[in-house]
Amino acid sequence: MSAIIPKILLLNPPHTAIGSRIPDDHLPPFGLLAIGGPLFDAGFAVEVLDADDEPLAPDEIVRRIVAAAPRIVMLGHAGSSTAHPICVALAVRIKAALPAVTIVYGGVFPTCHWREILAECPAIDVIVRSEGERTAVLVARAIVTHGLFATVPGCAYRDGAQLRATRQAKPVADLDACRVGWCAAG
């Protein structure tokens, strides 16, 4: 990577479905936090925007993302299927505000429906399929080095008009080896 540390913003979008909330509590975005530690350890500047905790309105989410000026926005939600429309709507708004940002989408729903998502939402650039702890780091490196997604196991992407998926990534054998978080250990 270059001397400038590429910034990645991890976005946990708001989710209004009843099944996504414990009354008077908040479900931490564990999937995003699980990729945050490995991304930070790989040398990326990582910031989390938990728009579900407050919850934030779409205009405020986009305002905060523009102010953060990330190179990459990675989004996903534990609510998966019912959160998908919110993820797509936010991706469209983020891409309109920051056309050069790369939007990466992950989670159970995008893993299973990557073809439909890439075909229907040009704002989403790459999908991380299955476990993201390793794949997210490899995708981020490919983005900042202008590398080929075709060499990254566990992702799906557009290649011109073609939709492509790489081979399945190997499962992480020891999840305890992947630090959860988005900042320096300590």
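Look up a bit, the structure's there.
The paragraphs below set out a description of the structure included in this document. (Residues numbered from 1 in each chain as written. Predicted model: local features only at pLDDT ≥ 70, side-chain atom pairs only at ≥ 80, totals over all residues. Heavy atoms only, no water.)

**Description of the packing of helix α1 (residues 30–41) against helix α6 (residues 135–145)**
Packed helices, taken two at a time, are described by their axes: the angle between them and the distance between them. In plain terms, the rule: To get an axis, fit a line to the C-alpha atoms, keeping to the stretch in contact for a helix; angles then go from 0 to 180 degrees between the N-to-C directions. Only DSSP runs of H or I with at least four residues qualify as helices, and only runs of E with at least two residues qualify as strands; both kinds are numbered from the N terminus onward. Note that the term roughly parallel is reserved for angles under 35 degrees, roughly antiparallel for angles over 145, roughly perpendicular for angles of 65 to 115, and oblique for everything else. What makes a crossing left-handed is the near helix being turned counterclockwise from the far one by less than a right angle; a clockwise turn instead makes it right-handed. Note on contacts: a residue pair is in contact if any heavy atoms of the two residues lie within 4.5 Å. The classification used treats Ala, Val, Leu, Ile, Met, Phe, Trp, Tyr, Cys and Pro as nonpolar, Asp, Glu, Lys and Arg as charged, and all other residues, Gly among them, as polar.
Put simply, α1 and α6 touch, their axes get as near as 8 Å, and they point 50° apart. Considering the angle they form, α1 stands oblique to α6. α6 is crossed by α1, and the crossing has right-handed handedness. Contacts from Ile35, Pro38 and Leu39 of α1 reach α6 at Ala136, Val137 and Ala140. Along the lines of polarity and charge, the residues of the contact of α1 with α6 split into six nonpolar, no polar and no charged.

**Quick notes on unusual backbone geometry**
Positive phi, normally seen in glycine, also occurs at Ser130, with a value near 70°. Mapped onto the elements of the fold, Ser130 is located in the loop between β5 (126–128) and α6. Even without glycine at this site, His146 takes up a positive phi of about 60°. If you trace the backbone, His146 turns up in the loop between α6 and β6 (155–159).

**Thoughts on the side chain of Thr111**
What counts is decided by this rule: By the criterion applied in these results, polar contacts are pairs of N or O atoms within 3.5 Å in which, for protein atoms, one can donate a hydrogen and the other can accept it, and in which residues neighboring in sequence qualify only through two side-chain atoms.
Mapped onto the fold, Thr111 is located in helix α4 (residues 108–112). Engagement of the side chain of Thr111 in a polar contact is seen with the backbone oxygen of Gly107, the distance being 2.7 Å. Those residues within four positions of Thr111 in sequence are excluded, and the remaining contacts are Val128, Arg129 and Ser130.

**Comments concerning the packing of aromatic side chains**
Counted only if it meets this: Under the pairing criterion, centres of Phe, Tyr and Trp rings, with the six-membered ring standing for Trp, must be within 6.5 Å; the plane angle then separates stacked pairs below 30 degrees from edge-to-face pairs above 60, leaving the rest tilted. Between buried and exposed lies partly exposed: a residue is buried under 20% and exposed over 50% of the maximum accessible area for its type, with that area taken using a 1.4 Å probe on protein chains only.
Summed over the entire model, instances satisfying the criterion amount to one aromatic pair. Where Phe149 meets Tyr157, the ring centres are 5.6 Å apart and the plane angle is 45°; that geometry is what we call tilted. Here the two residues Phe149 and Tyr157 agree in accessibility, since each one is buried.

**Regarding the environment of Thr82**
Among the structural elements, Thr82 can be located in the loop between β3 (72–75) and α3 (84–97). With a relative accessible area of 49%, Thr82 lands in the partly exposed category. Through-space distance from the C-alpha of Thr82 to that of Phe109 is 9.1 Å; in sequence the pair is 27 residues apart.

**Some points on the sheet that holds β5**
Heads up, the condition is: The pairing criterion for strands is at least two bridges between them, as found by DSSP.
Taking strand neighbours across the sheet as the criterion, the seven strands line up as β2-β1-β3-β4-β5-β6-β7 in an open arrangement whose pairing is mixed. Since the sheet does not close on itself, it has two edges, and those belong to β2 (45–50) and β7 (162–165), each with one partner. Each strand axis lies, on average, 20° off the axis of its neighbour in the sheet, ignoring direction. Judged from the four bridges that link them, β6 and β7 form a sheet pairing that is antiparallel. Bridge pairing in β7 places Tyr157 opposite Arg164. In the packing of α1 onto the sheet, the strands contacted are β1 (7–12), β2 and β3, and the crossing angle to β1 comes to about 170°.

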